[in-house]
Amino acid sequence: YKDRLTFASTPSEPQTYWMTKTGNYYSFNRNISLLDDDSITNPLPSRQLNAINSLVAFKKLLAFTSSSNWSIGPIDTTALTPTSVNTDIEEYTGSANINPVVLGNEVIFNEFGGEIITSSGYQLDRDSFVGSELNVLARHLFEGYTIKKLAYQRKPNGIVWALRSDGVLLSMTYLREQNVLAWARHDT
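Because the structure is predicted, anything quoted here is derived from the model rather than measured.

Enquirer: Even after reading the chapter, I still don't get the sheet that holds strand 8 (residues 101-103), so can you show me in this structure?
Expert: Reading across the sheet, the four strands line up as 8-9-10-11 and stay open at both edges, with antiparallel pairing between neighbours. Among the strands making up the open sheet, the edge pair consists of strand 8 and strand 11 (128-133). On average, each strand axis in the sheet is tilted by 30° relative to the strand beside it, whichever way the strands run. Of the pairings in the sheet, the one linking strand 9 (residues 106-110) to strand 10 (residues 117-123) comprises five bridges and is antiparallel in character. Across the sheet, F109 pairs through a bridge with T118, a residue of strand 10.

In structure tokens form, the structure reads like this:
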């Protein structure tokens, strides 16, 4: 993210993220007098201790925990430096511990609890990342099960695949610009 290799969440520091020096993916060094290209290490300023489950890079870096979603990035349009990094709460939905999928300028993730699939994208009028539930009309496909994996098939039809805890495969055809959202069940 912003020419820095970024990691998050260890067993001893589950809410912390680490960014290398700019352009040096092997160095987490910092100078005594802080320089703009020095590494960045910060914990999420959360009200609860929740591990970072995943990171997704857009104009801001999105960090997903089990209780909330955060954006990490520079203040305004400045460069990302150890003194200009800003961490903001975006939503209190939280995510399950599975990798989200990215479709264009949206991220699709499984909410904490495993039964709700959510899309989150930046909305200019709110100046925030806003989520919307994608399986509200297909809850019967998710009741009593959790989602174990998500994957995105870009071609030929743009399908999000969800593996349910009982081995059933669910597919979601999703084309936001055409107002197309449809779920199907595939027994394997």
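Back to the text.
Enquirer: Would you take a moment to explain the nonpolar core for this structure?
Expert: In globular proteins that are soluble, nonpolar side chains generally tend to be buried together. Formed by 18 residues in total, the largest nonpolar core has its most connected members in I108, I117, I147, L150, L170 and W183. Among the elements of the structure, strand 8, strand 12 (147-153), strand 13 (159-164) and strand 14 (169-175) are those that each provide at least two residues to this core. Not counting residues within four places of it along the chain, the set of residues in contact with I108 comprises P100, V101, L103, I117, T118, S119, L134, L150, V160, M172 and Y174. L44, I52, I72 and V85 belong to the second-largest nonpolar core, a separate cluster that totals 12 residues.

Enquirer: Got a minute to help me understand the pattern of salt bridges in this structure?
Expert: By the definition in use, this model includes five salt bridges. One salt bridge in this structure joins E133 and R139, with 2.4 Å as the shortest N-O distance. Owing to a relative accessible area of 35%, R139 belongs among the partly exposed residues under this scheme. Here D166 makes a salt bridge to R164, at a shortest N to O gap of 2.9 Å. Residue classification places R164 among the buried positions, given a relative accessible area of 3%.

Cut-offs applied
Residues numbered from 1 in each chain as written. Predicted model: local features only at pLDDT ≥ 70, side-chain atom pairs only at ≥ 80, totals over all residues. Heavy atoms only, no water. Pairing = 2+ DSSP bridges. Helix = DSSP H or I, 4+ residues; strand = E, 2+ residues; numbered from the N terminus. Axes fitted to C-alpha atoms, helices over the stretch in contact; angles between N-to-C directions. Core = buried A, V, L, I, M, F, W, Y, C linked by side-chain atoms within 4.5 Å. Buried < 20%, exposed > 50% of the residue type's maximum accessible area, 1.4 Å probe, protein only. Contact = heavy atoms within 4.5 Å. Salt bridge = Lys/Arg side-chain N within 4 Å of Asp/Glu carboxyl O.

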